[in-house]
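Tertiary structure, described
Each chain, written out:
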Amino acid sequence: MDIRKSNQPARLFALGFLLVLGTASGCSDGKEDLFMKAAARPRGNPDDVAAAPAAPPPAAAAAAAAAAAAAAAAPEKNTPPKAATKPVAQVASVPKSVEQAAAETAVPDLAKIEVKPISERAINNELSDEESRRATVRKMLKIFDALTAYQKDHGGKFPTPFTVNEAGIQCLSWRVELLPYLGYPELYSQFDHSVPWNFGANKELLDRIPDEFLTHGDTKTNIVAVAGEFSPFLVSPSHIGIAPSSIRDGAANTLVLIEVNDDVTPNWTEPADFPATRRVAAEIPKHLFRKRGDGVIAMWATGLPTFIHKDVQTNLLIDAFFIKDEQDFKASQIHQTIAFEEPGEENTAGDEIMASQTDAITEIDLAVSADDFVVDRVLIEEEDYTREPEPSVVQIRTAQTKLRSMFSTRIKEATTNSDRSKLGKEFLELSSNMESDPGGAFALQQAAMRFAIEAEDADLLLQAVDQRVARFDINALEENLKWFLEFGEGTASRNDRVIEGAPLLKRTVPIVLTAIRDDEYMRAASICRIASRYTGGSRFDEVSRILTRMRTQLGLAKNEYEDAKQYLEDFRLNPENVAAGAAFGRFVCFIKGDWKTGLQLIVDGPAGDLRDVARMDIKGAGTAQGQVAIGDAWWDLSRRASGPYRQGAQDRAVKWYEKAIERLPDSLDKIHVNNRLQDARDSSGTSPIAQCLQLADLLNVDVSQSLTSIAMEGSRSSAGRLQNDED
């Protein structure tokens, strides 16, 4: 509605709003046509990157590796060492033939290498399918952490699939480039980057395959990159990688790692990956789905592991391989969450973390006071406020008729944004003084909200919403959602950069947290979509990235919620079904952040590592060392989980670490805890709540306030602001 063009002022006060959600999608019938359609779309711009530096000579690389190894000896083991000031380039600098270079290659110093030969390692080739899946997820998470560290040293870009020498010959896989960031600088320094992977010294290093790539019991690996001229591991004539921010579909909707069939596994140093080429539709059955039988394990370019079912639509899977400029594909269309424990699951070999952790809690550690627990507080908790009932429809309509009659001339004369904002503020001041006329106050607030949308005045809109919520007994979340969405749709065709969006960005935090509490995941995602339009300017770059990630995570949380509803229903029908109760408890803890409710359900559930750690958590600990032990147990679980479950376990560990560090003396334990806390601060959130808290930190938002308490406080302060504006 545009009151600037209307000759009927009565339209100004029409109720209702329009929500436009969803995107159009389409596909053709043939698999080759599907690929050609995807590949022909605009891609990431390779012109925004600098030329790759030349590779250091072997001596320089060795010196750099030695420096990196020294750095690795620091107390925090997980900090990735750096290979050199500028790690190995994508193009080697030795202009020799392969034969010449191989002949001159020095024999590697095997004694210095951190990784033992396969023959000297105890390798369990008899893993169950469940154990194998867990191991693959853990390996992918470690590999992605190394990719993230690599990006920090390389302008934020992924490595290319392989390095080449000056003769243009492919030499070594990206997996070799990650070695310094996985903790193997000495192994990295032994490679000759001027010859292919199966020549000279490089060939001798094959059996030094790191555990992160060891999936096949030999020198081959099932974990490969999605590589091609339109994929995250970019194959390009310039041999320059692409940044996740250049993925136009969004990193959250693009696959970066995938598990291939046993019969097509490459040697780990070999320049071979999943070929996301123009014939990708034909490559899918050759490379994927036979290893597991029911699907394939993969990883999104945000570091979120996923399971893709074998019955996935081919066109959707193809969409996930490419960095196109489309909005018709979302990860949620093919994503299945990989959780670290399923209902009824027993402990498995390799996951026994509890013995040493439990031993750390002595009888003295048993809780003896309230200070021995992590205090659980719901992030957004509504308080009881005395408010008057919402006016009846008759009262509101009567007041609107009077308002149109009294202010028709003023409304017609309000032709500029400034005029509309001024009149809207006047209406709010009048409504605040109408204690005996609730219908009149409600109508004035409604008119002020409509003027705020027309004037593109977000601050005025939120003042009006807060005034209404503070006075009338209405649902604060519903009122905020309604007018936030109306503002977004009403200003959709205007220049977002001229709209002062900071108030809306700040309001996004309590709206989304409250929506998660009330299981309104998709409406919360719509709020993030609209809020992201008001992040123009470099100061909001990180805000924009968090909002994008949060939209994806809210979609995944919606899927988890649907599963959790069934678990809850099963548990209600049969209270003896403790596995269903524990499954619902995990959702309550990790997705909704309600640990007080969820932990007890988990403790009452089937045996498993998670139940043991939950028991430790509920018991608490009376010493700082005991609290660190509980934190360590949660942290270890987080390393074996994925997505929101990984994040939730890590967040729980942080709660215990923060509790303990206040009481720890200066010691190695304190260094250990500080390192863990720093790792947590440096990580990107992988759950909606974690991302919302990161957003709150960036925007300085108090997450303890509910929407109603915000309204109560805002209504009191806005009255003074409105009076000052009039003066």
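Residues numbered from 1 in each chain as written. Predicted model: local features only at pLDDT ≥ 70, side-chain atom pairs only at ≥ 80, totals over all residues. Heavy atoms only, no water.

Our focus in this paragraph is the overall build of the protein. Counting its regular elements, the protein contains 27 helices and 8 strands. The buried share of the protein, reckoned over its 727 residues, is 55%. A separation of at least 24 residues holds for 76% of the contacts in the protein among residues at least 6 apart in sequence. (Helix = DSSP H or I, 4+ residues; strand = E, 2+ residues; numbered from the N terminus. Buried < 20%, exposed > 50% of the residue type's maximum accessible area, 1.4 Å probe, protein only. Contact = heavy atoms within 4.5 Å.)

This paragraph deals with unusual backbone geometry. Phi is positive for Asp519, which is not a glycine, with a value near 65 degrees. With respect to the element layout, Asp519 can be found in the loop between α17 (502-517) and α18 (521-531). The phi dihedral of Asn700 falls on the positive side, at around 60 degrees, and the residue is not glycine. Locating Asn700 in the fold gives a position in the loop between α26 (688-699) and α27 (707-726).

Across all of its chains, the model carries 28 salt bridges by this definition. For Arg471, the salt bridge identified is with Glu388, shortest N-O distance 2.8 Å. Of this pair, Arg471 sits in helix α15 (residues 458-471) while Glu388 sits in the loop between α11 (354-359) and α12 (393-413); the two residues are 83 residues apart in sequence, bridging distant segments of the chain. On the accessibility criterion, Arg471 (15% relative accessible area) is buried. (Salt bridge = Lys/Arg side-chain N within 4 Å of Asp/Glu carboxyl O.)

Burial within strand β8 (residues 305-309) is extensive, with 4 of its 5 residues counted as buried. Note that strand β7 (residues 295-300) and β8 share 5 bridges and pair antiparallel. Its bridge partner being in β8, Gly295 is matched across the sheet by His309. Hairpin connection from β7 to β8: 4 residues lie between these consecutive antiparallel strands, with Gly303 at a positive phi of about 95 degrees. (Pairing = 2+ DSSP bridges.)

A few words on the side chain of Arg507. Structurally, the position occupied by Arg507 is in helix α17. In this structure Arg507 comes out as buried when scored by relative accessible area, which is 8%. Side chain to side chain, Arg507 and Asp466 meet in a polar contact 2.9 Å long. (Polar contact = N/O pair within 3.5 Å; in protein donor to acceptor, adjacent residues only side chain to side chain.)

Interaxial distance between helix α16 (residues 476-490) and α18 falls to 10 Å at its minimum, and their mutual angle equals 40 degrees. Overall, the two elements α16 and α18 adopt an arrangement that is oblique. With respect to the hand of their crossing, α16 and α18 are arranged in left-handed fashion. Contacts between α16 and α18 involve Glu478, Leu481, Phe484, Leu485, Gly488 and Glu489 on the former and, on the latter, Arg523, Ser526, Ile527, Arg529, Ile530 and Ala531. (Axes fitted to C-alpha atoms, helices over the stretch in contact; angles between N-to-C directions. Parallel < 35°, antiparallel > 145°, perpendicular 65-115°, else oblique. Left-handed = near helix turned anticlockwise from the far one by under 90°.)

Before going further, it helps to examine the pairing of β7. The buried fraction of β7 amounts to 6 of the 6 residues, a majority that puts the element mostly inside the structure. With 3 bridges connecting them, strand β5 (residues 255-259) and β7 associate as antiparallel partners. Paired with Leu257 across the two strands is Met299, which belongs to β7.

Here we take up the state of the cysteines. A full pass over the atoms with the stated rule returns 0 disulfides. Considering cysteine sulfurs only, Cys692 is the nearest to Cys528, which forms no disulfide, with 6.9 Å between them. On the accessibility criterion, Cys528 (0% relative accessible area) is buried. Cys692 sits in the buried class, given a relative accessible area of 0%. (Disulfide = S-S within 2.5 Å.)

What follows concerns the environment of Thr306. Position of Thr306 relative to the elements: it lies in strand β8. When its relative accessible area of 0% is taken as the criterion, Thr306 is described as buried. With 28 residues separating them along the chain, Thr306 and Ile334 place their C-alpha atoms 8.9 Å apart. A polar contact is formed between the side chain of Thr306 and the backbone nitrogen of Gln336, at a distance of 3.5 Å.

Our focus in this paragraph is the confidence of the model for the protein. Per-residue pLDDT for the protein has a mean of 77; in total, 74% of the residues score no lower than 70. Across residues 101-105 the pLDDT falls below 50, and counting only partners more than four positions away or on other chains, this stretch makes 10 contacts in the model. (pLDDT = per-residue confidence, 0-100.)

Those residues of helix α21 (residues 595-603) not exposed but buried are Trp595, Gly598, Leu599, Leu601, Ile602 and Val603. Contacts from the buried residues of α21 go to α19 (541-573), α20 (578-590), α22 (609-619), α23 (624-639) and α24 (643-661).

With that out of the way, let us pick up the packing of α17 against α26. At a minimum axis separation of 10 Å, α17 and α26 run at an interaxial angle of 155 degrees. On the basis of their axis angle, the class for α17 and α26 is roughly antiparallel. Handedness of the α17/α26 crossing: left-handed. When α17 is examined against α26, the residues Leu505, Lys506, Thr508, Val509, Val512, Leu513 and Ile516 are found in contact with a partner set consisting of Pro688, Ile689, Cys692, Leu695, Ala696 and Leu699. Among the residues making up the contact of α17 with α26, the classes are represented as 11 nonpolar, 1 polar and 1 charged. (Nonpolar A, V, L, I, M, F, W, Y, C, P; charged D, E, K, R; others polar.)

Moving on, we get to helix α4 (residues 129-153). Between its first and last C-alpha atoms α4 spans 37 Å; for 25 residues at 1.5 Å apiece the expected length is 36 Å, and the two agree. In the stretch just after α4, Gly155 is the one whose phi turns positive, near 65 degrees. (Expected span 1.5 Å × (residues − 1).)

The full count for this structure, using the stated rule, is 18 aromatic pairs. Taking 5.0 Å as the distance between ring centres and 75 degrees as the angle between the ring planes, the aromatic pair formed by Phe407 and Phe427 counts as edge-to-face. Here Phe407 is found in helix α12, whereas its partner Phe427 is found in helix α13 (residues 417-432), with 20 residues between them in sequence. Each member of the pair, Phe407 as well as Phe427, carries the same accessibility label: buried. Measuring from centroid to centroid gives 5.6 Å for Tyr521 and Tyr561, while their planes differ by 50 degrees, and the two rings are tilted. Highlighted residues: Tyr521 in helix α18 and Tyr561 in helix α19, separated in sequence by 40 residues. Accessibility assignment for this pair places Tyr521 and Tyr561 in one class, buried. Through a chain of ring-to-ring contacts, the aromatic side chains of Phe158, Trp174, Phe191, Phe213, Phe233 and Trp268 assemble into a single cluster. For Arg468, the ring lying beneath its charged end belongs to Phe442, and the centroid distance is 3.6 Å. The ring of Trp635 has Arg639 sitting right over it, with the charged end atom 4.6 Å from the ring centre. (Phe/Tyr/Trp six-rings, centres within 6.5 Å; stacked < 30°, edge-to-face > 60°. Lys NZ or Arg CZ within 6 Å of the ring centre and 35° of its normal.)

Turning to its location among the elements, Lys157 is positioned in the loop between α4 and β1 (162-164). Looking at Lys157, its side chain comes within polar contact range of the main-chain oxygen of Gly155, at 3.3 Å.

In this structure, Arg404 sits in helix α12. For Arg404, a relative accessible area of 25% corresponds to the partly exposed category. In this structure, the C-alpha to C-alpha distance between Arg404 and Ala447, residues 43 residues apart in sequence, is 9.9 Å.

Core analysis: the largest hydrophobic core is formed by 76 residues, its most contacted members being Phe427 and Leu554. Considering every element that reaches this core, the biggest residue donor is helix α14 (residues 438-454), with 10 residues. Among the nonpolar cores identified, the runner-up in size contains 47 residues, and Val115, Ile143, Tyr181 and Met299 belong to it. (Core = buried A, V, L, I, M, F, W, Y, C linked by side-chain atoms within 4.5 Å.)

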